[in-house]
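What follows is each chain in one-letter form.
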Amino acid sequence: MQALIQFTERFGSMLSRLLLTILYYVVLGPFALVYQRVADPLHLRRRPSNWTTWDHPNDTLRAARSQD
């Protein structure tokens, strides 16, 4: 009976490692590859800017002073 208990403990340990390894490579591996391609956590990719150009008529000092 003791040999059967030892065998089942070793078999359970081996089976759990095997299942976790398969889970890691089948589920987490592809998810990590997709996330690596899609995500940009440091915002390194260029995006359109919200800045606008300055196009006001007060470009000169004289025009700015004559606003009064």
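Look up: the structure comes first, before these words.
Please read all numbers here as calculations on a predicted model, not as lab measurements.

Parameters at a glance
Residues numbered from 1 in each chain as written. Predicted model: local features only at pLDDT ≥ 70, side-chain atom pairs only at ≥ 80, totals over all residues. Heavy atoms only, no water. Helix = DSSP H or I, 4+ residues; strand = E, 2+ residues; numbered from the N terminus. Rg over C-alpha atoms; globule rule 2.2 N^0.38 Å. Buried < 20%, exposed > 50% of the residue type's maximum accessible area, 1.4 Å probe, protein only. Areas by Shrake-Rupley, 256 points an atom, 1.4 Å probe, with all protein chains shown as cover. Lys, Arg positive; Asp, Glu negative; His and termini not counted. Charge placed at Lys NZ, Arg CZ, Asp CG, Glu CD. Polar contact = N/O pair within 3.5 Å; in protein donor to acceptor, adjacent residues only side chain to side chain. Contact = heavy atoms within 4.5 Å. Expected span 1.5 Å × (residues − 1). Bend = angle between axes of the 7 residues up to and from the residue. Phe/Tyr/Trp six-rings, centres within 6.5 Å; stacked < 30°, edge-to-face > 60°.

With respect to the overall build of the protein chain
Counting secondary structure elements, the protein chain contains 2 helices and 0 strands. The globule rule puts the C-alpha radius of gyration for 68 residues at 11 Å, and the 33 Å found for the protein chain is more than 25% above it. Its C-alpha atoms put the protein chain at 105 × 20 × 10 Å along the principal axes. Burial status across the protein chain gives 1% buried among its 68 residues. Accessible surface computed for the protein chain: about 7400 Å², of which carbon and sulfur atoms make up 63%. Side chains of the protein chain carry 8 positive and 5 negative charges; the gap between the two charge centres is 13 Å.

Re the side chain of aspartate 40
Among the secondary structure elements, aspartate 40 is positioned in the loop between α1 (2-38) and α2 (61-65). For aspartate 40, a relative accessible area of 14% translates into the label buried. One polar contact links the side chain of aspartate 40 to the main-chain amide nitrogen of leucine 44, over a distance of 3.0 Å. Filtering out sequence-adjacent residues up to four positions away, aspartate 40 remains in contact with Arg45 and Arg47.

Brief notes about α1
Under the 1.5 Å per step criterion, the end-to-end length of α1 is 53 Å for 37 residues, consistent within 8% with the ideal 54 Å. At leucine 28, α1 is deflected by roughly 35°, the largest bend along its length, and proline proline 30 occurs up to four residues later in sequence.

Some points on the packing of aromatic side chains
Throughout the structure, instances matching the rule amount to 3 aromatic pairs. Measuring from ring centre to ring centre gives 6.4 Å for phenylalanine 31 and tyrosine 35, while their planes differ by 20°; the resulting arrangement is stacked. Taken together, the residues span about one helical turn, with phenylalanine 31 and tyrosine 35 both in helix α1 at a distance of 4 residues. Given the relative accessible area of 57%, phenylalanine 31 is considered exposed.

Let's talk about the environment of tyrosine 35
According to the relative accessible area criterion, tyrosine 35 is partly exposed, its value standing at 48%. Spatially, the C-alpha atom of tyrosine 35 lies 33 Å from that of threonine 52, the residues being 17 residues apart in sequence.

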